[in-house]
Every structure is written in structure tokens, then in C-alpha cells.
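Chains, contacts and geometry: an overview
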Amino acid sequence: MKVDRRKFIAAGSAALSGAALAQAARAAPAPRRLRDQRRIATEEAFTTPEQAAALIALAGSNWRSLDLGLWADRTVEGAVGGHLALEGERVRIMDENGVAMQVLSLTSPGVQMFNADLGTEIAINANDRLFETIQRYPGRFAGLAAFAPQDPARATKEMERAISKLGLNGFISNSHTNGEYMDDPKYWPILEAAEALDRPIYIHPRSPSDAMIDAYGHYGMELAVWGYQAEVGLHAMRLILGGIFDRFPNLKIVIGHMGKNIPFHLWRTDNKHRSERSPLKRKPSEYFVDNFVITTSGVRDHMPLDYSVKKLGADNVLWAVDFPYEDTRLAVEAMDSAPFSQEVINKIYYENAERIFKIKNL
Ligand code: MN
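Conventions adopted
Residues numbered from 1 in each chain as written. Predicted model: local features only at pLDDT ≥ 70, side-chain atom pairs only at ≥ 80, totals over all residues. Heavy atoms only, no water. Donors = N, O, S within 2.8 Å, 3.2 Å for Na, K, Ca; no water. Helix = DSSP H or I, 4+ residues; strand = E, 2+ residues; numbered from the N terminus. Buried < 20%, exposed > 50% of the residue type's maximum accessible area, 1.4 Å probe, protein only. Expected span 1.5 Å × (residues − 1). Bend = angle between axes of the 7 residues up to and from the residue. Contact = heavy atoms within 4.5 Å. Pairing = 2+ DSSP bridges. Right-handed = clockwise from strand over helix to strand, strands pointing away. Phe/Tyr/Trp six-rings, centres within 6.5 Å; stacked < 30°, edge-to-face > 60°. Lys NZ or Arg CZ within 6 Å of the ring centre and 35° of its normal. Arc of directions from axis to C-beta.

Okay, the coordination of the manganese ion next. Within the first shell, the manganese ion binds the protein through Glu43 (OE), His204 (NE2) and Asp322 (OD), at distances of 2.0 to 2.2 Å. In primary sequence terms, the donor set of the manganese ion follows E-x160-H-x117-D. Of this pair, Glu43 sits in strand β1 (residues 40-46) while His204 sits in the loop between β5 (201-203) and α9 (213-216); the two residues are 161 residues apart in sequence, bridging distant segments of the chain. When its relative accessible area of 13% is taken as the criterion, His204 is described as buried.

Taking 1.5 Å per residue, 15 residues should reach 21 Å; helix α16 (residues 342-356) reaches 20 Å between its end C-alpha atoms and fits that length. At Ile348, α16 is bent by approximately 50°, the largest bend along its length. Most of α16 is tucked away: eleven of the 15 residues are buried. Of all the positions in α16, only Val344, Ile345, Asn346, Lys347, Ile348, Tyr349, Tyr350, Asn352, Ala353, Glu354 and Ile356 are classed as buried. Taken together, the buried residues of α16 touch β1, β6 (253-255), β7 (292-295), α14 (302-312), β8 (317-318) and α15 (328-336). Lys358 lies just past α16 and shows a positive phi near 50°.

What follows is about the side chain of Gln112. Turning to its location among the elements, Gln112 is positioned in the loop between β2 (101-106) and α6 (116-136). Setting aside anything within four residues of it in sequence, one finds Gln112 in contact with Pro149, Gln150, Ser173, Asn174, Ser175, His176, Thr177, Asn178 and Arg206.

Our next topic: the pairing of strand β4 (residues 170-173). Each regular strand displays side chains that alternate between the two surfaces of the sheet. With burial as the criterion, each face of β4 is covered, one bearing Gly170 and Ile172 and the other bearing Phe171 and Ser173. Sheet analysis places strand β3 (residues 141-145) next to β4, joined by two bridges and oriented parallel. Counterpart to Ala145 in the pairing with β4 is Phe171. Note on the crossover from β3 through helix α7 (residues 152-164) to β4: the handedness is right-handed. Inspection of the sheet shows β4 paired to β5 by three bridges, in the parallel sense. Within β5, the residue paired with Ile172 across the bridge is Tyr202. Chirality of the crossover, the property in question, places the unit of β4, helix α8 (residues 188-197) and β5 among those that are right-handed.

The topology assignment puts Val289 in helix α13 (residues 284-291). Residue classification places Val289 among the partly exposed positions, given a relative accessible area of 27%. In this structure, Val289 is in contact with Leu312 and Asn316, ignoring residues within four places of it in sequence.

Going through the model one piece at a time under the given rule, you end up with seven aromatic pairs. Ring centres of Trp319 and Tyr349 lie 4.9 Å apart, and the angle between their planes is 75°; on these two criteria the pair is classed as edge-to-face. Of the two residues, Trp319 sits in the loop between β8 and α15 while Tyr349 sits in helix α16, which places them 30 residues apart along the sequence. As far as burial versus exposure is concerned, Trp319 and Tyr349 are alike and both buried. Through successive ring pairs, a cluster of aromatic residues spans Phe245, Tyr287, Phe288 and Phe292. One Lys or Arg, Arg74, reaches over the ring of Trp71 and ends 4.3 Å from the middle of that ring. Directly above the ring of Tyr287 sits Arg282, whose terminal nitrogen or CZ lies 5.6 Å from the centroid.

This part is about the sheet that holds β3. Overall, parallel pairing links the eight strands, which are arranged β1-β2-β3-β4-β5-β6-β7-β8 in an open sheet. Since the sheet does not close on itself, it has two edges, and those belong to β1 and β8, each with one partner. Strand direction decides the pairing type here: β5 and β6, joined by two bridges, are parallel. Bridge pairing links Tyr202 to Val254 in β6.

The α-helix winds at 3.6 residues per turn, so residues separated by three or four positions along the chain end up facing the same way. Ile190, Leu191, Ala193, Ala194 and Leu197 are the residues of α8 that are buried. Projected onto a plane normal to the axis of α8, the buried residues spread over an arc of 160° and lie on a single side. Remark: Asp198 follows α8 within two positions and exhibits a positive phi of approximately 60°.

Remember, this is a structural readout, not a statement about activity or role.
Right, dumping it as C-alpha cells:
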């Protein structure tokens, strides 16, 4: 039911029953502007000249990867001169929209398409650049460190440096690496390092792997319309069903886009889980609640947000914009008008981010 609020008021409440009044209130919530609200956006992208140049070079090769279409028509100047620049217009857009802080991460597909040497080198360089930007704008940025899973030994070394030397707040990984997932034992040192360093890994989307080209290479399905959530959802379920959280019980994983539909599927996952195929100490949903948090990146729909808060708890949902791929103003308006108490709004807007990413409130 769509209700024009002015006509509704003019008609007089006597003409409507209490139930109709309640329904009208649900259908047309008053927009709420939260003055002095602290807001931390947690999935916010940047590129570096080195990453952009290497991805554009790959896009010009004969590799038919589903990820490279986005880089085919770009120039390095265009990529680093626009909103993906580390600095540029970023702070102005944050200020205009009341965003106190962005948690920054190297844009997808990160360094995971490069050979191990180049990937490691570009990750280290990006983390150094990120550190410098954070220093230049005290209190405005936090950062997730890139690493190259292609070389797990050097990846863990860089993860340690990123936390102990650079003071970064967690890690970013863009789902599969050459079609492989982190439940594969060769990647366990990375998971072990994240757990030991007590920082989360944000598993960010990229397109499905080369083995999935025929399945996803139609209708733009390899991108956010479907492929991204299917890819990260698959990765998350491989970690859960592969027993990763029995092995690393304190490992924390962050996934965006309102949890990649996993929250909606949890009951059936529990109901159909067979321990002879995947021996686990606990129900799949219990790992999702204890070892994952989700973010609102790119989703401005109050219904799955409300459901996720009820299903997972208000401590497990973080606000994100997905800048520059999504509009900051619209993301703020959607969260400001969400149907929650101020206590829950504060958790989603910044308290959970400060806890999960160990952000100091300057
Ligand atoms: Mn993103």
C-alpha cells in the first residue's frame, strides 16, 4: 500500500482503523536525518598506479577471464585520476555526507591475477601507500592489507608487517585465487596468521573463475547482478563446510552485500548438512553467526537488513557504501532511515566496525 502522507493526514485519522494507521506508518517511514551520527564505511575501494597498470596489461592479453572485462577499456590515468584515487575527491565526498571514516581496501580483483612475484610486490606497495594516506588524514581512514595468496609464505610475512609495522586493521582477499579457495590446506597459513594477528579477512567479490566461464559468461551475470554473490557465497560455504572454523575457531571473516544470501539460506543448510560428508563440531549456522560478520555494501533494502539483524544479531552487521561503485549519499539515507533503535543504528554505523577492525576513536 502506497500512502501519500499529506493526503493521508488531510483525510483524517477517524476514517481509518488502527490497523490501517499502523500499515501506513510501515509503508511510509519518515526519513530520519541523524545529526552528529558517527559513520564508518567498511568496504571502500582504491587503486594504485601499479595495480591499475598491471590489470590493464592483463586485460590486453589473450586471457579470457571474467574479471578483465572491467579493465579492458581503461587507462591508468583514468583509473587513478577518478574516484578510485586514494585521496582526490574522497574526503570531500565523505564530509558532504557525514562519513567520519572509510575502511579502505585495494579494489577487486586485488593482486590475485598476477604471478606470485608481481602480486607480492604490488600488495606491499599498495599497503605502504595506504599507510601513508592514513597518516596524512588522522582519524579519517582505516585500512585492510592486501597480500598475494599465490605465495602463502610471503603473504603471511606481509600480513604480519601490515599489522605490526603499518598498524592496518585487517586483510582483503578477493575470493578465489586461480580457481582455488582458502579451505585448501595450502592456504591455511594465511588463515592461521589472520587468527594469530587477531584481525579479520574481508572476502570481497571477484567474478567466478575460468572454470565457470560458460556458466556465468552471459547477460552480465559474471558481475554484481549475480556472479559476485554466488562466488563469495561459495567461498564462505567452503570454509564453513570444510571445517575451517573447527581448526581456526577465532578466525573472523567479513563478507559484504548483506551476506551473499547466506543468512536467508541458513535454516536449510543446517537441515540438509550431513556430517558423514562434512564432519563438523557444530551446526553450519553457528559458525556463520560466530565467525562471520556481514556488511550492507551496495544493498539499500531495509527488508534483508532487518532480517539479518534479527537472524544474526545486531553485533554482526556493519555499514558499508562500496565507494566509488555505489553512491555515498544514498547509502547514508538508507541507513539513516532504517527501522531500528538508536542503539542498533550505532552498532551498525560504527561500534561493530571499531570492535571488528580494532579502530581507535580519535
Ligand atoms: Mn566492493
